[in-house]
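# Structural characterization, general
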Amino acid sequence: MDCKKKEFNLSSDVTYLNCAYMSPLMHCVEEAGIIGIQKKRQPNHISGQDFFTESDILRKEFAQLINCHKSENCVIIPSVSYGMANVAKNLKLKKGDNIIVVGEQFPSNVYPWMEVAQKAEAEIITIAPPNEIQDRGKTWNDQILKTINEKTKLVACGHIHWADGTIFDLRSIRQKTYEVDAWLAVDATQSLGAVPFDIQQLKPDALVAAGYKSLMGPYSIGMAYYGSVLSNGSPIEQSWINRFESENFSNLVNYNENYQPGALRYEVGEHSNFILVPMMLEALKKLNEWKPENIQQYLIDLVDNPISVLRNFGFKIEETKYRASNLFGIRLAEHHQMDKLKSKLLDANIIVSYRGDAIRVSPNIYNDSNDLATLVEVLTTK
Ligand SMILES: Cc1ncc(COP(=O)(O)O)c(C=O)c1O
């Protein structure tokens, strides 16, 4: 796969290594949004069927991305917090049960569990990241697996950690949750698109992702998958469009007790957003055309050597097996000074994030080896 910089609207004087903050927009995604805005000029051209058609295509495109055979289990959501709130509302908890959350996760995959745990007098068990750098990813994963017990009702984690790209061994975690009959909720915001995800293999109960990062879409739209444990649950809102036969506009006040099939009851109200849906759809079409496994390989090839060079200069970066290539944390040696490095990166127009004690670097398919070389040069020269 070659670099896709030309497809994006990035300024050439910036080295943008910050997809984990927000991806840039592809030209085709931007155009889809503009067409969406223009459509509303003449609403007589927006038909009743239009409220359903593109949402349906978007769900199918997302289902393809995650290898899900039932697109009606995939829904449009506005945010990760919304997607997780649907899970939290349906989680059966009693006093003494526990929910396991991976430490220092993004709050949208923590606050919903805090609320329900408090109400039920259940316990939140947080698996903090290990302090030592040696075998950090392995130790962290081992601790998660060891902590899951028969009182566990849910494990909430990412596919990779949002702050430093540590990979979580979802296959083993899923296995362990099956053994104790616990749910698995995955926030894949920082990995979907750039790291392959196979619903058939990993079988989470919920997979939730914001659309504006590695999924390359606009802000305020995301996608979720809900598995069979949520099939008969109760959504956090009661939208008319999620009711059975809502396509029949003349019959809407004959209120229907039944929902649309699969997980569609959990979809956000006004899901047929005529601007964001076509944008998200264009982005996912591109990702499906390029394929996450190719994007992942492109990124592995892109960062492998620069990471080795940085390690030789004393920077600490997770070992390859437990580190993503689309997002990784660079921790400093004692002789490095964060403030100095920050101002050097700023002066060189290199855009990264700072999370915890790490410099978070998150390249994607619009980055090339020059971008990584620029980063390495600035970090390693005095
Ligand atoms: C891992 C992760 N999840 C979710 C989000 C966004 O959450 P929400 O869509 O609830 O605003 C972010 C934003 O940085 C994130 O990094």
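Residues numbered from 1 in each chain as written. Predicted model: local features only at pLDDT ≥ 70, side-chain atom pairs only at ≥ 80, totals over all residues.

### Remarks on the domain arrangement of the chain
Here is the rule: Start and end points for every domain follow an automatic or database-based domain assignment. Contact between residues is assigned whenever the C-beta positions, reconstructed from backbone atoms, fall within 7 Å. Per the convention used, a helix needs a DSSP run of H or I reaching at least four residues, while a strand needs a run of E reaching at least two, with both numbered from the N terminus. The nonpolar class holds Ala, Val, Leu, Ile, Met, Phe, Trp, Tyr, Cys and Pro. Asp, Glu, Lys and Arg form the charged class, and all remaining residues, Gly among them, are polar.
Under the domain assignment, the chain is made up of domain 1 (5-26 + 292-380) and domain 2 (34-289). Computed from C-alpha atoms alone, the centre-to-centre distance between domain 1 and domain 2 is 27 Å. Facing the 26 residues of domain 1 at the interface are 26 residues of domain 2. Of all the elements in the fold, those that place two or more residues in the side of domain 1 that touches domain 2 are α9 (292-312), β9 (328-331) and β12 (358-361). The element contributing the most residues to the side of domain 1 that touches domain 2 is α9, with five residues. Here the residues of the side of domain 1 that touches domain 2 sort into 12 nonpolar, six polar and eight charged.

### Structural notes on the site of the ligand
Rule in force here: For each residue, a C-beta position is placed from the backbone atoms; the residue is near a molecule or strand when that point lies within 6 Å of it.
All residues adjacent to the ligand are Ser79, Val80, Ser81, Phe106, Ser108, Gly158, Trp162, Asp187, Thr189, Gln190, Ala210 and Gly222. Residue composition of the shell around the ligand, grouped by class: four nonpolar, seven polar and one charged.

### Some points on the sheet that holds β9
Rules: Two strands make a pair as long as DSSP finds a minimum of two bridges between them. Axis definition: a line fitted to C-alpha atoms, limited for helices to the stretch in contact. Angles are taken between N-to-C directions and run from 0 to 180 degrees.
One open sheet accounts for three strands, arranged β9-β12-β11; its pairing is antiparallel. One side of each edge strand has no neighbouring strand; the edge strands of this open sheet are β9 and β11 (353-355). Taking each pair of neighbouring strands and ignoring which way they run, the sheet shows an average axis angle of 40 degrees. Examined bridge by bridge, β11 and β12 share three bridges and lie antiparallel to one another. In the strand pairing of β12, Ser353 is matched with Arg360.

### Structural notes on the sheet that holds strand β3 (residues 98-102)
Hydrogen bonds along the backbone pair up the strands of a sheet, which may run parallel or antiparallel. Pairing is mixed in the open sheet, where seven strands are placed in the order β2-β8-β7-β6-β5-β3-β4. Edge strands, defined here as strands with exactly one partner in the open sheet, are β2 (74-77) and β4 (123-127). Neighbouring strand axes in the sheet, compared pairwise and without regard to direction, differ in orientation by 20 degrees on average. Taken together, the five bridges between strand β5 (residues 152-158) and strand β6 (residues 183-187) define a ladder with parallel strand orientation. By the bridge assignment for β6, Val155 is matched with Leu184.

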